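Listed below, chain by chain, are the residues.
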Amino acid sequence: MTTNLQPVHDSSASLHDSPGFVAQRVRDTLPPELRDIVHRASELVRTRQLRLRETPLITSVTGIDRLLGGGLPRGTLVELVGRGSCGRFASLLAALKMVTDTGEVAALVDQGDQLDPQSAATVGIDLDRLLWLRPRVLPDALAATEMLVHTGFPLVALDLGLPPVRGRTPLAAWLRLARTAATHRAVVLVGSPYHLSGCAATVVVTAHRGRGTWSGTVGTARLLHGIEARLDLARQRGKRPDGIARIAFTLSEAAFEPAVAADPDSKTEELSHVQAR
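Residues numbered from 1 in each chain as written. Predicted model: local features only at pLDDT ≥ 70, side-chain atom pairs only at ≥ 80, totals over all residues. Heavy atoms only, no water.

## Points about the overall build of the chain
Looking only at helices and strands, the chain features nine helices and 10 strands. Per-residue burial for the chain yields a buried fraction of 41% across its 277 residues. Looking at the chain as shown, the accessible area adds up to about 15000 Å², and 55% of this sits on carbon and sulfur atoms. (Helix = DSSP H or I, 4+ residues; strand = E, 2+ residues; numbered from the N terminus. Buried < 20%, exposed > 50% of the residue type's maximum accessible area, 1.4 Å probe, protein only. Areas by Shrake-Rupley, 256 points an atom, 1.4 Å probe, with all protein chains shown as cover.)

## Details of the pattern of salt bridges
Counted by the stated rule, this structure contains six salt bridges. When the shortest N-O distance is used, the salt bridge between Lys97 and Asp101 registers 2.9 Å. With Lys97 and Asp101 both in helix α6 (residues 88-101) and four residues apart, this pair spans about one turn of that helix. Its salt-bridge partner being Arg134, residue Asp113 comes within 3.4 Å of it at the nearest N-O pair. Taken as a pair, Asp113 in the loop between β2 (106-110) and α7 (117-122) and Arg134 in the loop between β3 (130-133) and α8 (138-150) lie far apart in primary sequence, 21 residues in all. (Salt bridge = Lys/Arg side-chain N within 4 Å of Asp/Glu carboxyl O.)

## Some points on the packing of α8 against helix α9 (residues 171-184)
Packing of α8 against α9 leaves a shortest axis separation of 9 Å and a crossing angle of 15°. By the angle class used here, α8 and α9 are roughly parallel. As for the relative orientation of α8 and α9, their crossing is left-handed in sense. The residues of α9 that touch α8, namely those facing Leu138, Leu142, Thr145, Glu146, Val149 and His150, are Ala173, Trp174, Arg176, Leu177, Thr180, Ala181 and His184. Taken together, the residues that form the contact of α8 with α9 break down as seven nonpolar, four polar and two charged. (Axes fitted to C-alpha atoms, helices over the stretch in contact; angles between N-to-C directions. Parallel < 35°, antiparallel > 145°, perpendicular 65-115°, else oblique. Left-handed = near helix turned anticlockwise from the far one by under 90°. Contact = heavy atoms within 4.5 Å. Nonpolar A, V, L, I, M, F, W, Y, C, P; charged D, E, K, R; others polar.)

## As for unusual backbone geometry
Note that the residue after Pro163, namely Pro164, is joined by a cis bond; omega there is -5°. Tracing the sequence through the fold places Pro164 in the loop between β4 (155-159) and α9. Positioned with a positive phi, Ser60 is a non-glycine residue whose angle comes to about 75°. Counting through the fold element by element, Ser60 comes out in the loop between α4 (41-54) and α5 (62-67).

## Considering the environment of Gly103
Within the secondary structure layout, Gly103 lies in the loop between α6 and β2. For Gly103, a relative accessible area of 34% puts it in the partly exposed group. With 23 residues separating them along the chain, Gly103 and Asp126 place their C-alpha atoms 8.8 Å apart.

## Considering empty space enclosed by the protein
On inspection of all chains with the given rule, the structure shows one cavity of 30 Å³ or more. Of the volumes computed, that of the largest cavity is approximately 60 Å³. Lining the largest cavity are Thr59, Ile64, Leu68, Leu72, Val78, Leu80, Ser91, Leu189 and Val205. A breakdown of the residues in the lining of the largest cavity according to their chemical character gives seven nonpolar, two polar and no charged. (1 Å grid on protein atoms, 1.4 Å probe; cavity = no way out; pocket = protein on both sides within 12 Å on 5 of 7 lines; lining within 4 Å. Points joined across faces, edges and corners; volume = space filled by probe spheres on them.)

## A look at the pairing of β3
Here β2 runs beside β3; their pairing, made up of four bridges, is parallel. By the bridge assignment, Val109 is partnered in β3 with Leu133. Handedness of the β2-α7-β3 crossover: right-handed. (Pairing = 2+ DSSP bridges. Right-handed = clockwise from strand over helix to strand, strands pointing away.)

## As for the confidence of the model for the chain
With 73% of its residues at a pLDDT of 70 or more, the chain has an overall mean of 79. Contacts of residues 8-13 to residues separated by more than four positions or lying in other chains number one contact, the stretch itself having pLDDT below 50. In this model, residues 252-277 is a region of pLDDT below 50 whose contacts with residues beyond four sequence positions or in other chains number 77 contacts. (pLDDT = per-residue confidence, 0-100.)

## Some points on α9
A rise of 1.5 Å per residue sets the reference length of α9, with its 14 residues, at 20 Å; its end C-alpha atoms lie 20 Å apart and thus fit the reference within 8%. Looking at α9, one finds that the buried residues are Ala173, Trp174, Leu177, Ala178, Thr180 and Ala181. Relative to the axis of α9, the buried residues are bounded by an arc of 160° and lie together on one face. Opposite the buried face of α9, by more than 90 degrees, sit the exposed residues Arg179 and Thr183. Residues of α9 that are buried sit in contact with β1 (76-81), α8, β4 and β5 (187-192). Within two residues after α9, Arg185 carries a phi angle of roughly 55°, on the positive side. (Expected span 1.5 Å × (residues − 1). Arc of directions from axis to C-beta.)

## So, the packing of aromatic side chains
Applying the stated rule across the entire model yields zero aromatic pairs. The ring centre of Trp132 lies 4.6 Å from the NZ or CZ of Arg134, which sits over that ring. (Phe/Tyr/Trp six-rings, centres within 6.5 Å; stacked < 30°, edge-to-face > 60°. Lys NZ or Arg CZ within 6 Å of the ring centre and 35° of its normal.)

## As for the pairing of β2
Counted residue by residue, β2 has five buried out of five residues, so it is predominantly covered. Neither face of β2 is left uncovered, since the one carrying Ala106, Leu108 and Asp110 and the one carrying Ala107 and Val109 both have all their residues buried. Pairing between β2 and β4: four bridges, direction parallel. Bridging across to β4, Ala107 finds its partner in Val156.

This is how it looks when you write it as structure tokens:
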């Protein structure tokens, strides 16, 4: 008689050898006051990732962060609308700088072809962590942005340049991009000369043309020191859009210098210094 002997899988042994079981045994040996503060490294990483997915993305532009209650909400499409000399592109650079400063990667879809890599490095953007794309027309720019969100970039900034924006795209493309951002808990920050995203954007902020600030006295040679612009919260889904802020940015030789100042006509009192483009 032939007997086939099959290896026996000891499920209890594998269970006892699992990292979770070992970690629990270690906790059981600790005093009660220490058990709740001892965690596995994988648990800490998972908790941090979940917390980051819910924490707003800070731009370091005080006016924008305060208008939106702490920063750009994750999983949303945010549109910053404004013509030239309003701080729109500089605000995108500030957000990219904050992300690369944390060691994460970010992407700029630069349809307007406005990025100067040397200036970006000067203001602190880690170019080794920045992916720079330069599509020519709007359909290609939206397709590239959606692809980057799918690949896991936490922030994709899309700048559409000066008017007129080249190319047209249906609202369905914007809605698909917004759904993709929500699925991956990413932020898509769109800089546009006029409102293009329709109802797809969760937040729309309007930046009005800036007013020059000059140094020197009347009757002498005066130098342009910077430009001040006003921000209006035009839309914030689920909330009443109610807020005004002012940002001031210096000329390109200056670095980012956040500051605070009072504006008697504003419901939000702040002043941010960002580099001008």
